[in-house]
Amino acid sequence: MAAELVDAGIPVWSDVRDVPASVDIIHGHHLPTTAAAVARLPHVPALYVCHDAVAWFDAPPRFPSIGRYVAVDETVRQRLEAEGIAPDAIRVVLNEPDLDRCPPGPPLPDRPRRALAFAKNLGHLGAIRQACEARAIHLDVIGDAVGLVVRDPCARLDDYDLVFATALSALEAMACGRGVVVCDGRGLAGWASAADFSRWRRRNFGLHLLEPALTAGHVGAAIDRYDPGDAAEVSRLVRAAGGVRAQAAQFLALYDELRREPAPETGDAHARAVAAFVQEWTPPAGSHAPAWLRERAGLLHRIEALSGIEPCRLGCIYAFGDAAADRVVLAVSGIAEREPHGRWTDGTRAVLACRLPAAGGVTIQLDVEPFAPPSHPRQRLAIDVNGVHAGRWTLDAEPHRLIVTVPESVVAPDGRLWLELTLPDAIAPAAVAGGADPRRLGVRLVAVRIEAAEPA
C-alpha cells in the first residue's frame, strides 16, 4: 500500500519524527501509531478510526487533539462508548469496497459450481469443504492461514459463484456480484441476503453476527439458500452506497468539522495525556500485565514452539507417547497431554504442525484409536492439510491406520504442514459412563510416519 501511495506522488514516511509540522489533519488507525502521531504533532486536530471490537491495539487513545472517534460499525461504536468516549464525539463510517477494483462479474449460474473461501483462520475450512463436496461444488482456499496470500483477490472473483468470507472481503465479493456466505473460523452468519443486508451491513458482516455452530450441516443450509437474483440485488445495494469514494467524502466532511473547531490545547493537558498514555501502557512490575503484553507472551511462546520444530525424517515412525515426537510434531491446539500410549484429541477440532526436510509431495501414515464405547460406537474424522481436504473416515472401536496423500502443490514454501482434524462426534467420558474426565475425546493419536510420495 505504501508503494502504491508513493507511485501516486503522495509522500510516505516510516518514522513519525520525520513528518513535517505543516500537516492539516491526523487521520489515525490503531492505538500505538495514532498516539505517536498525536504526541509528535499536538497542535494538529485528529480523528481516530477504530476497526475492532475487542483487540487491544484498537483501544481508543485519549488526547485533547482527538476530536472525533470513528467506528467502522455499530459493534465498534458500542466499544467506544463502553470505554468512555462521549457519544457526541463518535461517528460511524462503514467500511466500503473499492468499486473500481471490484467490477460486477458475469451472471451467476442457477446453482453454484465453484466456490472460494478466505482463510484468515482455519476453524471453518473443514465444514465448508464437507458441505461443498456434498453438493459437487469445487472449492479453492486463499489466505494467510493456508500460506496463500493473493495481492488482489477481487481480480479472481469472476471465477467463482460462491464466496465464504467476512467483513471487507465479504463486501468485495458482494460488489462483484458473487453469492456470499458470511463465515470464518469464529463462526457462521449464513447466506447474505438482500433482506438481511441493512442489518448485517451495520455490523460489518463480522464478529457479532457469527454463531459458533459452524458445522457442515449449518454451512450446507446456508449454501442451499443460494439465489442468483438475491445475490444480484445485494450487489446493487453495495454499489449504490458509492464505495470508497463515498467513504472518502464522509471523512472529508469530518476533516472540515475538525478544522472549524478551536485549535487543540497543546499545554499541560497534552502533557498529562502523554504521561497517562506512557504510564498505562508501560509493563508493570507485578503480575497484572496489560493486554498487549499478555498477547506478546503468547505469540512468543507459539513462535518458539514453531521455530523449534525439527524437520521430520522421512520414513521414521514417531510415537505420540514419546517426548521425542514433540520436537517434530507440534500439538498446536485441541490435543490433550501426553500419555504412555499416545495423545487424545480434546474437542471437535485439533491442529498439528510439522515440517518437511525437503520440497515435494508426501504420504502421511497416521495410527489412531477412536474413543468408541458401546453407547457411542463411531467417530467421524476429517483431515485437512494446509486448508486442503485430505480424507474422511468413519471409525469404529478398532485401531486404524489412515493414509493421507499430500501433493507438492499443497506444501507451504517453508515445508510446513498444518494438519487440521475435525471430529464432530467427540464426547466426554463423563457423558458416557460418568466420572470426572472433562475432556471431549475423539481419537488417540498413536504414531505418525511421513514418506516421500511415489513419483507419478
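Look up a bit, the structure's there.
Residues numbered from 1 in each chain as written. Predicted model: local features only at pLDDT ≥ 70, side-chain atom pairs only at ≥ 80, totals over all residues. Heavy atoms only, no water.

**Remarks on the overall build of the protein chain**
Turning to step 1, where the next piece is worked out: The number of helices and strands found in the protein chain is 12 helices and 19 strands.
Turning to step 2, where the next piece is worked out: Expressed as lengths along the three principal axes of its C-alpha atoms, the size of the protein chain is roughly 75 × 60 × 50 Å.
Turning to step 3, where the next piece is worked out: Across the 456 residues of the protein chain, 46% fall into the buried class.
Turning to step 4, where the next piece is worked out: A separation of at least 24 residues holds for 63% of the contacts in the protein chain among residues at least 6 apart in sequence.
Turning to step 5, where the next piece is worked out: When the 47 positive and 57 negative side-chain charges of the protein chain are each reduced to one mean point, those points stand 1 Å apart. (Helix = DSSP H or I, 4+ residues; strand = E, 2+ residues; numbered from the N terminus. Buried < 20%, exposed > 50% of the residue type's maximum accessible area, 1.4 Å probe, protein only. Contact = heavy atoms within 4.5 Å. Lys, Arg positive; Asp, Glu negative; His and termini not counted. Charge placed at Lys NZ, Arg CZ, Asp CG, Glu CD.)

**So, helix α2 (residues 31-40)**
Turning to step 1, where the next piece is worked out: Among all positions of α2, only L31, T34, A35, A37 and V38 are buried. Looking straight down α2, one finds that the buried residues subtend no more than 165° of arc, so they occupy a single side.
Turning to step 2, where the next piece is worked out: Packed against the buried residues of α2 are β1 (26-29), β2 (46-50), β3 (66-71) and α10 (268-281). (Arc of directions from axis to C-beta.)

**A short note on the environment of H218**
Turning to step 1, where the next piece is worked out: When you line up the elements, H218 lands in helix α7 (residues 216-223).
Turning to step 2, where the next piece is worked out: On a C-alpha basis, the gap between H218 and V93 in space is 32 Å, while along the polypeptide they are 125 residues apart.
Turning to step 3, where the next piece is worked out: The residues contacting H218, other than those within four sequence positions of it, are L188 and A213.

**Remarks on the sheet that holds strand β8 (residues 179-184)**
Turning to step 1, where the next piece is worked out: Taken in spatial order, the 5 strands make up an open sheet running β6-β5-β7-β8-β9, and their pairing is mixed. With partners counted over all chains shown, the strands left at the sheet margins are β6 (138-142) and β9 (187-191), one partner each. When the angles between neighbouring strand axes are averaged without regard to direction, this sheet yields 20°.
Turning to step 2, where the next piece is worked out: Two strands pair when backbone bridges link them, and strand β7 (residues 162-165) and β8 are joined in this way by 4 bridges, in the parallel orientation. Bridge assignment links F164 to a residue of β8, and that residue is V181. (Pairing = 2+ DSSP bridges. Axes fitted to C-alpha atoms, helices over the stretch in contact; angles between N-to-C directions.)

**With respect to the sheet that holds β1**
Turning to step 1, where the next piece is worked out: Spatially, β1-β2-β3-β4 is the arrangement adopted by the 4 strands of the open sheet, whose pairing is parallel. Two strands bound the open sheet, and with one partner strand each, they are β1 and β4 (90-92). Each strand of the sheet is rotated relative to its neighbour by a mean of 25°, with strand direction disregarded.
Turning to step 2, where the next piece is worked out: Pairing analysis gives 4 bridges linking β1 to β2, with the strands arranged parallel. For I26, the partnering residue across the bridge sits in β2 and is A46.

**Digging into the packing of α2 against α10**
The geometry of a pair of packed helices is captured by two quantities: the angle between their axes and the separation between those axes.
Turning to step 1, where the next piece is worked out: One can describe the packing of α2 onto α10 by two numbers: an axis separation of 11 Å at closest approach and a directional angle of 150°. Judged by the angle between their axes, α2 and α10 are roughly antiparallel. Of the two elements, α2 crosses α10, and the hand of that crossing is left-handed. Here L31, A35, V38 and A39 of α2 come into contact with α10, specifically with H270, V274, F277 and W281.
Turning to step 2, where the next piece is worked out: Its residues assigned to classes, the contact of α2 with α10 shows 7 nonpolar, 1 polar and no charged. (Parallel < 35°, antiparallel > 145°, perpendicular 65-115°, else oblique. Left-handed = near helix turned anticlockwise from the far one by under 90°. Nonpolar A, V, L, I, M, F, W, Y, C, P; charged D, E, K, R; others polar.)

**Notes on the packing of helix α4 (residues 125-134) against α7**
Turning to step 1, where the next piece is worked out: Orientation of α4 relative to α7, taken along the N-to-C sense of each, is 55°, at an axis distance of 8 Å. In terms of their interaxial angle, α4 and α7 are classed as oblique. Where α4 crosses over α7, the two elements pack in a sense that is right-handed. Note on element contacts: α7 touches α4 through A216, V219, G220 and I223, opposite A127, I128, Q130, A131 and C132.
Turning to step 2, where the next piece is worked out: In terms of residue class, the contact of α4 with α7 is made up of 7 nonpolar, 2 polar and no charged.

**Comments concerning the side chain of R343**
Turning to step 1, where the next piece is worked out: Here R343 lies in strand β12 (residues 343-346).
Turning to step 2, where the next piece is worked out: At a separation of 3.4 Å, a polar atom in the side chain of R343 contacts the side chain of D326.
Turning to step 3, where the next piece is worked out: Every residue in contact with R343, bar those within four places of it in the chain, is listed here: F320, D326, A331, I335, A336, E337, R338, V443, R444 and L445. (Polar contact = N/O pair within 3.5 Å; in protein donor to acceptor, adjacent residues only side chain to side chain.)

**Here's the deal with the pattern of salt bridges**
Turning to step 1, where the next piece is worked out: Within the structure shown, the criterion is met by 28 salt bridges.
Turning to step 2, where the next piece is worked out: Between E4 and R101 there is a salt bridge; the shortest N-O distance is 2.9 Å. Separated by 97 residues along the polypeptide, E4 in helix α1 (residues 2-7) and R101 in the loop between β4 and β5 (114-118) bring together distant segments of the chain.
Turning to step 3, where the next piece is worked out: Residue classification places E4 among the partly exposed positions, given a relative accessible area of 37%.
Turning to step 4, where the next piece is worked out: A salt bridge links E310 to R327; the shortest N-O distance between them is 3.3 Å. With E310 in the loop between α11 (291-307) and β10 (317-319) and R327 in the loop between β10 and β11 (330-333), the pair connects residues that are 17 residues apart, well separated along the chain.
Turning to step 5, where the next piece is worked out: We classify R327 as partly exposed; its relative accessible area is 44%.
Turning to step 6, where the next piece is worked out: What emerges from the salt-bridge pattern is a single network uniting R68, R91, E257 and E261. (Salt bridge = Lys/Arg side-chain N within 4 Å of Asp/Glu carboxyl O.)

**Topic: the pairing of β9**
Turning to step 1, where the next piece is worked out: β9 sits mainly inside the fold: 4 of its 5 residues count as buried.
Turning to step 2, where the next piece is worked out: When β8 meets β9, the two strands line up antiparallel, connected through 4 bridges. Across the sheet, residue V182 finds its bridge partner in β9, namely G190.
Turning to step 3, where the next piece is worked out: Counted between consecutive antiparallel strands, the loop separating β8 from β9 contains 2 residues.

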